[in-house]
Amino acid sequence: MDSHFYDRLSAELKDMESAGLLKPERIISSAQGGVVDIGGRKVLNLCANNYLGLASDPRVIDGALSATREWGAGLASVRFICGTQDIHKHLEASIAEYLGYHDAILFAAAFDANGGVFEPLLSEQDAIVSDSLNHASIIDGVRLSKAKRYRFATNDMNDLERVLQQARAEGVRSILIVTDGVFSMDGTIAQLDRIVELAERYGALTMVDDCHATGFVGPDGRGTPALKGVAGRIDIISGTFGKALGGAMGGFIVAAQPIVDLLRQRARPYLFSNALTPAVCGASLAAIRIACSPDGDERRARIQNNAAAFRSRMRAVGFDLIPGEHAIIPVMLGEAQLAQQMAAELLEAGVLATGFYFPVVPNGKARIRTQMSAALTTAQVHQAADIFEHVGRKLRII
Ligand SMILES: *Cc1c(COP(=O)(O)O)cnc(C)c1O
């Protein structure tokens, strides 16, 4: 028993609490959706990654249930021992075809996909050039590889070019540029057209983490490469089934065959972690089918209309938004305590929206991140904007 250790943890938690940095978990007693039950009340949900509104869609639930009946609860094995069923191969083929790639490899989460992708593909002689705002899982994955590391200022193409020149001058073998397709805290969309152009000029490879895009951004929901006119010209895409595509869980990489083949042999989170449960595969397959259908088109249109309506309502009453076109709409507040207080008042008034503050975003850049969803009706979006206006005035933010 090391009592100093436990005292140190308690002190750390206390410090976080007094700085207003603790993240409370609100307990939901219903399925995920545009409206959820919290503490016996129904509230509008503006903070799920449930963009297409499929998390409790009956067809997705049926996909999970029928896959469970046919294939069982789980595999009790990693993929290469005795954990690969037809349904895993169907899901890999389905997501690869949707995004226009040769093959796909599944992971327990996109966090694992990003954690496992770099180390097998790149060694000491190679370089990874990473956007400074990339997701934590990319940062961890890069740390686990032996490649040289370079960072460029977020979304700054001049800085990216400077770094590419530096890497080339230092004589590295292969260069992989990696970026989020959509930066999740800001809703900013990466300039993939210009990144591809620079990559081609400097002989670099490209990777996009499209977790906040697959299924609903770009034509047919094929993601930020499709939106930016460079579909098929990105070497590696990582994504998740835990957001727009059903919201269950599970990650994937789509890429050319040799990349996927090598990852199957060498990616540690794939080799040493359980195969996806059939329920997740069945739900994700159903979600991809919906995303590719006219219903998917309608849902994408609803997300866009909701986002445009909410942005214009919020701007009109004086909220400070990060400009953009994505369904992520951050309402900037500054200090962590204010973001906490605002989130608590919003919940009281009937809107679930989470405050984000340090260390998730930089100090002094606390915000409420709102996210639009096809699960919300236009009337509900206006109702949410009314509540924001009311709470914003009460707290003298507007
Ligand atoms: C959500 C997210 C992840 C992690 O996805 P999981 O499948 O939940 O592990 C990775 N990268 C980005 C950019 C994300 O937004």
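Values in this document were obtained by computation on a predicted structure and should not be read as measured data.

Caption draft 1: Region of interest: the sheet that holds strand S12 (residues 328–334). Reading across from one edge, S12-S15-S14 is the order of the three strands in this open sheet, with antiparallel pairing throughout. Where the open sheet ends on each side, the last strands, each with one partner, are S12 and strand S14 (354–356). Each strand of the sheet is rotated relative to its neighbour by a mean of 30°, with strand direction disregarded. Summarising the sheet, S14 and strand S15 (residues 366–371) pair through three bridges and their orientation is antiparallel. From the neighbouring strand, Thr 354 faces S15, where its bridge partner is Arg 369.

Caption draft 2: Region of interest: the site of the ligand. The environment of the ligand is made up of Ala 109, Ala 110, Phe 111, Asn 114, His 135, Ser 137, Asp 180, Asp 209, Cys 211, His 212, Thr 240 and Lys 243. In the model, an oxygen atom of the ligand is placed 2.9 Å from a nitrogen or oxygen of the Phe 111 main chain. A distance of 3.3 Å separates a nitrogen atom of the ligand from a polar atom in the side chain of His 135. Within the complex, the protein chains bury 83% of what would otherwise be the 380 Å² of accessible surface of the ligand. Among the elements that make up the shell around the ligand, the one with the highest residue count is helix H5 (residues 110–121) (three residues). Split by residue class, the shell around the ligand holds four nonpolar, five polar and three charged.

Caption draft 3: Representation of the packing of aromatic side chains. Enumeration according to the criterion identifies six aromatic pairs in this entry. With a centroid separation of 5.2 Å and an interplanar angle of 85°, the aromatic rings of Phe 5 and Tyr 6 are classed as edge-to-face. Residue class for Tyr 6 comes out partly exposed when judged on its relative accessible area of 44%. Ring centres of Phe 319 and Phe 388 lie 6.0 Å apart, and the angle between their planes is 85°; on these two criteria the pair is classed as edge-to-face. Of this pair, Phe 319 sits in the loop between helix H13 (294–316) and S12 while Phe 388 is found in helix H15 (residues 378–394), placing the two residues 69 residues apart along the sequence. With respect to burial, Phe 319 and Phe 388 carry one shared label: buried. Connected via pairs of aromatic rings, a cluster forms that spans Phe 310, Phe 319 and Phe 388.

About the thresholds
Residues numbered from 1 in each chain as written. Predicted model: local features only at pLDDT ≥ 70, side-chain atom pairs only at ≥ 80, totals over all residues. Heavy atoms only, no water. Pairing = 2+ DSSP bridges. Helix = DSSP H or I, 4+ residues; strand = E, 2+ residues; numbered from the N terminus. Axes fitted to C-alpha atoms, helices over the stretch in contact; angles between N-to-C directions. Near = heavy atom within 4 Å. Polar contact = N/O pair within 3.5 Å; in protein donor to acceptor, adjacent residues only side chain to side chain. Areas by Shrake-Rupley, 256 points an atom, 1.4 Å probe, with all protein chains shown as cover. Nonpolar A, V, L, I, M, F, W, Y, C, P; charged D, E, K, R; others polar. Phe/Tyr/Trp six-rings, centres within 6.5 Å; stacked < 30°, edge-to-face > 60°. Buried < 20%, exposed > 50% of the residue type's maximum accessible area, 1.4 Å probe, protein only.

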